[in-house]
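Residue strings, one per chain:
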Amino acid sequence: MLNLFSEGPVRRHWVLASAVTTLLLAGGGWPAQEASAQDRTDPGQSYFATIEQLYRADHRDALRGFRGELRGGIRVGLARWVDSICYRAMLGETYYQMGYPREALAEFDAACELFLTYPRWLLSVRFQNPRVDSNVQRRIAPWGTSTRRPTYGIFSDTMLVTQGEFLTENRVRQGGALQSPQFWRLNVIEVMRATALSIRRRNEILGPLGKYDRTSKDLVDALARGGNTARNHWSNAWTGILLGLAQQGVGESQQALANLSRSTLVDGRFDHPLTGVALLAQAQVAMESGNAKAALGLATEASYAGYAYDDYDVLASSFEMIHRAWMAGGNTGAMPALATAANWADRKNLDYLAAICLTASAEELVSAGDANGATNMLRGISARRRDLRTCRIASERRYVEAFIAYLEGNIAQGDKATAEAVALEATHSLRHHQIVLTNERIDSGQVSSRVAVDLYALLLRDPASKDWASDPLEVLVNLSTSYEGPLRRWLLSALSRDEILPAIDIADITKRRRFWSAQPVGGRLLAIRNLLEADPAQLPPDASVEHRNLMLRVPEYKQLLDEAADLHKQLEAEPLADGEGRVPQERYGQLKRLAKNAEQRETLVRQLVLRRDPTALLLPPAVLAKDLQQQLKQGQAVIVFHQSANSFFAFILTQQAYHHWQLPEAGPLAEKTVEMLRTMGHFTQNRELDASNLAIDGWAPMAKQFGDMLFAESRLDLASTTELIIVPDGILWHAPIEPLMPSTGGNKDMIIDRTPVRYVPTLGWAAPDRIRPRPIRTTLIAASSGTGAGGYLPQQALEELAATATGSAVIDTPVAVGSSLIAGLAEQAIVLADATLDPTEPYNFTPVPLDRSSSQSALSHWLTLPLPDCQRLLLGGVHTAAETGLKSRGRGRNDAVNAGPEMFQAHCALLASGAKTVLMSRWQTSGKTHRDLLREMTLELPHTAADQAWRRSVALARRTDLDAAQEPRYRRGDEGAEPLPAEHPFFWSGYILVDTGFDPTPPDEADAKAP
């Protein structure tokens, strides 16, 4: 007698008190002792009827049905038996199809736990050998015939399974209580199918977490050990598939592939009820490795096997895989098999399967330019199943509807549908769920910091080409979400391991994600615009290929670009403005044609946005800290400030070294920043200052105190620093660095006296810019109508700047087109007109406020076509929250506003629009010092690096005496008093220079100018 008592595989699993035993006699017969047999078969007919409900898209009824099946499941004592694997698995599948991955995972976990409790239950099965199915025709799918030429096996649905103990001589000697043996009628095939489904879906839901998941590892251990069924028995094909799926879940794809391939047939001969599962898993491995052609063939074969054995789950997943592989393989038009499968599913009232096929076919058609065909496909989706409007595939349908709207030129409808599709997808996104699950496992201690770093690097990375090819809607959800919490955990995990350079990279990814998540469709539109409008010669190799591929998708785009270039030439041939500060009326015809051309290009961009073509996210540019370090010159130092929740981190990066230190928390740091700004004189927008407020000795203590708070632990050596590059964050966007006097390295001077300073919103813009700006031919000078001394912008400023700037065109009257269109005709813009950067609405900010009533002048429009590409922006009329000491307008006197993020968004957007240099005022002084600074910057900028030019401008201004008659915010007091120089930072530090770092100076001259 062969003793095959079941035993638990690993930790956490136990042997049931009533063990399951199979006694096999030499003749293959069963023991003579009488044993009771159950009349019912589990799972029963009501269970299979509920599966039909599920695939008819009656999800809520299916949920109730499977819950009822679970309540009626077999129990061994108080414990559930293996039939409950089926009920748990199908509850999980129902939640999965409804779009609830968390609930689905809980049910699939429970199903796998049951399998691990009874890992050898197959040893108790009285198997019947399969036989050849001579009626092959009934197993051939309507949508195609297998090229594998399979031999279909007939397997018994119901098999007897022994539960309990037989009375034997040995058992009598052992003594103790004896559980009477029973034969249960069990649908063994369904239990195995449900087990495979549970493992496969767990893999899908967990994604990269599976490699570190306890249950996933236990499944591999329990199945790899063997002994789950009789040795050399054909049922080893089934356990081999389970092992392959389990190995796939922990990232052992090659081992999985071997087991799956070996188990596709029973005895190397028969197709069996799990053949489709094996083929589908192999298709997934092929797809993940980038072999779309192989994945398509395997998924198609899986669909044939799924049809042959009525496995609706395999059919649903196969149809989805066929679609992904078809699209990833670059095929055009609709795959005929899916339309045929949809018709079959519709005849069978399997509306969920039909909806998958119809939605897939619709995307394939609209991708090929057939909007009418795609619309007709979507109309075929059943309207009687209301659950189809909210389930997992509803977002895919809305996605295709958006694609159709864009192809038909209906941008407004397309934008609306895209936003709704992304919002729907976000509720059941697997990537999103994996990120949330990673957070939870880190917080609970289930995942170490080392593992956390690896997981977040996979989950929060920039999208790769295969991501766009596989699931573009999932990518759009990921890009549209900032994920501040997960990014913070990732950062803390890296810092806990003292991984400073990766921590800098994480801080930069966080900033880039903040920008993407503020853009329509997660920055995808902007990425396409930049690729299409860029000079391919200036793009990285991969991006250049993407540019070419996109141009091939919309060949008419090149013609529109050429037409726009001709219009630009015509506009540039004549002065931008007349002598009265107006755009000549005859120019508006050309400008409106240019705007119409841009609208046509925007329509083509929308046709590309939902395609599966990859697009590099070039802006903000990405650079690894270790790579940036190699690009830095001797003496350059990059300081990265980073706010994460209430914590403030700081990093320094030089050619030879890097370092990390902690700043005070966000609250105290904000309070200190407010104190610093008020010490400088910022209480209200128009407050006048006198000599007592402007004594440089009064500023020095705060300059040292605030400077030491930021830099005391920085290891910054100002004596050897030739350029300081600041990446601000949060409130520190409003904190001028130049007038600070940190004592680090024995320093006693203001930072600007030691080194030039420039700011960048992200790390990538800190890298040296090697693309030369266009020569200045036209300088737009924008001022509000009637600007005068009383409006804080003396007319003299216009006259001085007009006389200084190359190709000056003064406009001080409202324009009839969007001001971004006007700015696009100039290489340089100097803006004196007032504009407010509101912390609550950064994209309503108007960089060139010549047409305040038009949304086309708002910052959001600067990121649409035509991108202005005005490379030098001197925005001297901007008012920010710093001007009032960071008090919120319209609130109580001491209510601080959440300032800083608006500065980040504004500068990212301006650089993304084509700017290389942005000099923006944080507050207004509006007098002679103001115009002196702008004039000197305008003179010097074409000839030297922007931060060197600005440093020189500040140095000249500080040596000039203040003239109360020309400084609206300076009150001289005693007429006989000596005039004050403009030394106090109130007059010169209100400007922030954001610059990409191009230096036009020849190398030998640059070395000579270095301090």
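Everything that follows concerns the structure shown earlier in this document.
First things first, this report covers the structure right here in the doc. Per chain, residues are indexed from 1 in the order of the written sequence. Note on the predicted model: pLDDT of at least 70 is required for a residue's local features to be given, and 80 or more for side-chain atom pairs to be given and counted; whole-chain, interface and lining totals, by contrast, use all residues. For side-chain calculations, the full set of non-hydrogen atoms in the structure is used, while hydrogens and water are omitted.

## Side note on the nonpolar core
One recurring pattern in soluble globular proteins: nonpolar side chains tend to sit buried together. Ranked by size, the top nonpolar core spans 327 residues in total, and within it Trp-121 and Val-188 carry the most contacts. Segments assigned H or I by DSSP are reported as helices when at least four residues long, segments assigned E as strands when at least two residues long, and all are numbered from the N terminus. In terms of residue count, the dominant contributor to this core is helix H14 (residues 351-367) (11 residues). Working definition of a nonpolar core: buried Ala, Val, Leu, Ile, Met, Phe, Trp, Tyr and Cys residues. They are joined through side-chain atoms within 4.5 Å. The classification of residues rests on relative accessible area computed with a 1.4 Å probe and restricted to protein chains. Under 20% of the type maximum is buried, over 50% is exposed, and intermediate values are partly exposed.

## Focus: the pattern of salt bridges
Salt bridges are defined as contacts in which a side-chain nitrogen from Lys or Arg sits within 4 Å of a carboxyl oxygen from Asp or Glu. In total, this model carries 60 salt bridges according to the counting rule given. Between Arg-385 and Asp-58 there is a salt bridge, and its shortest N-O distance comes to 3.3 Å. Here the residue Arg-385 occupies a position in the loop between helix H15 (371-379) and helix H16 (394-407), and Asp-58 occupies one in the loop between helix H1 (45-55) and helix H2 (59-71), the gap between them amounting to 327 residues. Both residues of the pair, Arg-385 and Asp-58, count as buried. When the shortest N-O distance is used, the salt bridge between Glu-440 and Arg-102 registers 2.5 Å. Of this pair, Glu-440 sits in helix H18 (residues 430-443) while Arg-102 is found in helix H4 (residues 101-117), placing the two residues 338 residues apart along the sequence. Judged by its relative accessible area of 33%, Glu-440 is partly exposed. Relative accessible area serves as the criterion here: at 40%, Arg-102 is assigned to the partly exposed category. Shared partners join several salt bridges into a network, and the residues in it are Glu-800, Lys-928, Arg-931, Asp-932, Arg-935, Glu-936, Glu-940 and Arg-952.

## Comments concerning helix H7 (residues 214-224)
Within the sequence span of H7, burial applies to Thr-215, Ser-216, Asp-218, Leu-219, Val-220, Ala-222 and Leu-223. Here a residue-residue contact requires only that any non-hydrogen atoms of the pair lie within 4.5 Å. Packed against the buried residues of H7 are H4, helix H6 (188-206) and helix H8 (236-249). For H7, the N-terminal capping position is held by Asp-213, with its side-chain oxygen 3.1 Å away from the main-chain nitrogen of Thr-215. Polar contact criterion, stated in full: a pair of N or O atoms within 3.5 Å, where within protein one must be able to donate a hydrogen and the other to accept it, and residues adjacent in sequence count only if both atoms are side-chain atoms.

## A word on H4
Taking 1.5 Å as the rise per residue, H4 with 17 residues should run 24 Å; its terminal C-alpha atoms sit 24 Å apart, in good agreement. Of all the positions in H4, only Pro-101, Ala-104, Leu-105, Glu-107, Phe-108, Ala-111, Cys-112, Leu-114, Phe-115, Leu-116 and Thr-117 are classed as buried. Each helix should span, by expectation, one fewer than its residue count multiplied by 1.5 Å.

## Comments concerning the environment of Pro-968
With respect to the element layout, Pro-968 can be found in the loop between helix H36 (946-958) and strand E22 (991-995). Here Pro-968 falls in the partly exposed class, since its relative accessible area comes to 26%. Separated by 282 residues in sequence, Pro-968 and Asn-686 have C-alpha atoms that sit 8.5 Å apart.

## Considering the side chain of Ser-146
Along the chain, the position of Ser-146 falls in the loop between strand E5 (131-132) and strand E6 (151-154). Its relative accessible area of 13% is what places Ser-146 among the buried residues. In terms of polar contacts, Ser-146 uses its side chain to reach the backbone amide nitrogen of Arg-148, at 2.9 Å. In terms of polar contacts, Ser-146 uses its side chain to reach the side chain of Glu-301, at 2.5 Å. For Ser-146, the contacting residues outside a window of four places in its chain are Glu-301 and Tyr-304.

## Comments concerning unusual backbone geometry
Cis peptide bonds are those with omega within 30 degrees of zero, and the linkage from Asp-42 to Pro-43 qualifies with -10°. As for its placement among the helices and strands, Pro-43 is situated in the loop between strand E1 (36-42) and H1. Even without being glycine, Ala-57 reaches a positive phi, approximately 75°. Of note, the phi angle at Asn-349 is positive, near 60°, even though the residue is not glycine. According to the relative accessible area criterion, Asn-349 is partly exposed, its value standing at 35%.

## A short note on the sheet that holds strand E9 (residues 270-271)
Only strands joined by at least two bridges in the DSSP assignment are considered to pair. Reading across the sheet, the three strands line up as E5-E6-E9 and stay open at both edges, with mixed pairing between neighbours. The open sheet terminates on both sides in strands that have one partner only, identified here as E5 and E9. With two bridges connecting them, E6 and E9 associate as parallel partners. Of the residues in E9, the one forming a bridge with Tyr-152 is Asp-271.

## Describing the packing of aromatic side chains
For any pair of aromatic rings, the description rests on two quantities: the centre-to-centre distance and the angle between the ring planes. Stacked, edge-to-face and tilted labels apply to pairs of Phe, Tyr and Trp rings (six-membered ring for Trp) whose centres lie within 6.5 Å, assigned for plane angles under 30 degrees, over 60, and everything in between, in that order. The full count for this structure, using the stated rule, is 19 aromatic pairs. A ring pair is formed by Trp-950 and Tyr-991, whose centres lie 5.3 Å apart and whose planes are at 65°; its orientation type is edge-to-face. Remark: Tyr-991 occurs in strand E22 and Trp-950 occurs in helix H36; sequence separation between them is 41 residues. Comparing Trp-950 with Tyr-991, the two get one shared label, buried. Taken together, Tyr-47, Phe-48, Phe-66 and Tyr-87 form an aromatic cluster joined through their ring pairs. Either the NZ atom of lysine or the CZ atom of arginine qualifies as a charge over a ring when it sits within 6 Å of the ring centre and within 35 degrees of the ring normal. In this structure, Arg-201 is placed above the aromatic ring of Tyr-96, and the distance from its NZ or CZ to the ring centre is 4.0 Å.

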